[in-house]
Amino acid sequence: MYDPVQLRTFLTVAQTLSFTQAAARLGVRQSTVSQHVRRLEEATGRPLFARDTHSVALTEDGEALLGFARTILEAHERAAAFFTGTRLRGRLRFGASEDFVLTRLPEILEGFRHEHPEVDLELSVELSGTLHERLDAGRLDLVLAKRRGPGDERGRLVWRDRMVWIGAEGLRVDPERPVPLIVFPPPGITRARALEVLERDGRAWRIACTSGSLSGLIAAARAGLGVMAHTRGLIPPGLVRVGGLPELGPVEFALLQGRRPTPASEALAAAVLAGGDRLSRPA
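Residues numbered from 1 in each chain as written. Predicted model: local features only at pLDDT ≥ 70, side-chain atom pairs only at ≥ 80, totals over all residues. Heavy atoms only, no water.

## Regarding the overall build of the protein chain
Point 1. Scanning the protein chain from terminus to terminus reveals 9 helices and 11 strands.
Point 2. In summary, the protein chain has a C-alpha radius of gyration of 20 Å against a globular reference of 19 Å for 283 residues, a match within 12%.
Point 3. In terms of its C-alpha atoms, the protein chain occupies a principal-axis envelope of roughly 65 × 45 × 30 Å.
Point 4. Here the protein chain, with 283 residues, has 48% of them falling under the buried criterion.
Point 5. Long-range contacts, defined here as pairs at least 24 residues apart, represent 76% of the contacts in the protein chain between residues at least 6 apart.
Point 6. With an accessible surface of roughly 14100 Å², the protein chain has 51% of that area assigned to carbon and sulfur atoms.
Point 7. Separation between the mean location of the 38 positive side-chain charges and that of the 34 negative ones in the protein chain comes to 2 Å. (Helix = DSSP H or I, 4+ residues; strand = E, 2+ residues; numbered from the N terminus. Rg over C-alpha atoms; globule rule 2.2 N^0.38 Å. Buried < 20%, exposed > 50% of the residue type's maximum accessible area, 1.4 Å probe, protein only. Contact = heavy atoms within 4.5 Å. Areas by Shrake-Rupley, 256 points an atom, 1.4 Å probe, with all protein chains shown as cover. Lys, Arg positive; Asp, Glu negative; His and termini not counted. Charge placed at Lys NZ, Arg CZ, Asp CG, Glu CD.)

## Regarding the packing of aromatic side chains
Point 1. One pass over the full model with this rule turns up 4 aromatic pairs.
Point 2. Ring centres of Phe10 and Phe49 lie 5.5 Å apart, and the angle between their planes is 50 degrees; on these two criteria the pair is classed as tilted. One end of the pair, Phe10, is in helix α1 (residues 4-16); the other, Phe49, is in strand β1 (residues 49-51), and 39 residues separate them in sequence.
Point 3. Ring centres 5.0 Å apart and planes at 65 degrees place the aromatic pair Phe100 and Phe253 in the edge-to-face group. (Phe/Tyr/Trp six-rings, centres within 6.5 Å; stacked < 30°, edge-to-face > 60°.)

## Overview of the packing of helix α2 (residues 19-26) against helix α3 (residues 30-44)
Point 1. It is the contact of α2 with α3, at a shortest axis distance of 8 Å, that shows an interaxial angle of 105 degrees. Between α2 and α3, the crossing angle belongs to the class labelled roughly perpendicular. Contact residues: Phe19, Thr20, Ala22 and Ala23 in α2; Gln30, Val33, Ser34 and Val37 in α3. (Axes fitted to C-alpha atoms, helices over the stretch in contact; angles between N-to-C directions. Parallel < 35°, antiparallel > 145°, perpendicular 65-115°, else oblique.)

## Things to note about the side chain of His116
Point 1. With respect to the helices and strands, His116 occurs in the loop between α5 (105-115) and β4 (119-126).
Point 2. Taking relative accessible area as the criterion, His116 reaches 17% and is therefore assigned buried.

## A short note on a nonpolar patch on the surface
Point 1. A surface patch of nonpolar side chains, about 310 Å² in accessible area, is lined by Val101, Leu102, Leu123 and Val125.
Point 2. Overall, the relative accessible area of 40% leaves Val101 in the partly exposed class. (Patch = residues over 30% accessible without salt bridge, like charges linked within 9 Å, V, L, I, M, F, W, Y side chains within 5 Å. Salt bridge = Lys/Arg side-chain N within 4 Å of Asp/Glu carboxyl O.)

## A short note on the environment of Leu279
Point 1. Tracing the backbone shows Leu279 in the segment after α9 (263-274).
Point 2. Linking Leu279 and Glu63, residues 216 residues apart in sequence, is a C-alpha distance of 14 Å.
Point 3. Other than its neighbours up to four places away in sequence, Leu279 contacts Phe100, Thr103, Leu105, Ile108, Leu144, Val158, Trp159, Leu234 and Val272.

## Regarding the nonpolar core
Point 1. Counting residues in hydrophobic clusters, the biggest one holds 40 residues, and the most contacted among them are Phe94, Leu105, Leu144, Trp165, Val227 and Leu255.
Point 2. When residues of this core are traced back to their parent elements, those giving at least two are β3 (90-97), α5, β5 (142-146), β6 (156-168), β7 (179-183), α7 (189-200), β11 (250-257) and α9.
Point 3. Examining the composition of this core, we find that 5 residues originate from one element, α9, more than from any other.
Point 4. The contact partners of Leu144, leaving out residues within four places of it in the chain, are Phe94, Gly95, Ala96, Ser97, Phe100, Leu105, Leu131, Val158, Ala254, Leu255, Val272 and Leu279. (Core = buried A, V, L, I, M, F, W, Y, C linked by side-chain atoms within 4.5 Å.)

Here it is in structure tokens:
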């Protein structure tokens, strides 16, 4: 009833919220993406996306199909691996952005380890800017990180969202005083974006807290020390959006391969892409 190719297309649209971006990532025409989604909607008898000329969003039935689609595709991949008899081996150095510490990325990695027990997976959790540097230096094989900004099209798009200002509930930013910032140290991409938009808006700022750990930033924000720039879909419990500050703009997360992709890095990339919608949901 549900074609795995169509389900993979559906998941890609759900992750990118763009038929155009989904087509680019899958290497097919946009009309093919639309056809796959239409056939799935015919099979389910339900609309899966609410879309107009400006936006794409999952419907309630589309949200329900996410879990079913992942289960079907995972079963399909296990069967294919079993009957082809392929066993991956070797060392795989994977870097993930701090943004995903509190998401369901561990579930994706656990599934990969179960499917490929002979791969020695080494995980590094760092700032996106640091991950880009380590990948370029050949010290990582695969990276899941923020793109550096507009115009950066490296890697395969996993997920797109917007950045927002967040802080403790009830926190108000005094427009007459410097904005108290809670930030990662350089070369944090989020830090750079926050400073850039404030300076462009002519807003004074001061650093209230610096930490290389997301948990450290969250603790400072919950204590009311200031505001932090963060991905809208990953707002931690106990923190809320803060208004009265300039827009931070969109953010894109991408998978980037090292100079010499391996079967193991390709397999993990496929697993992350298939489960990319989990990354926008807290664990």
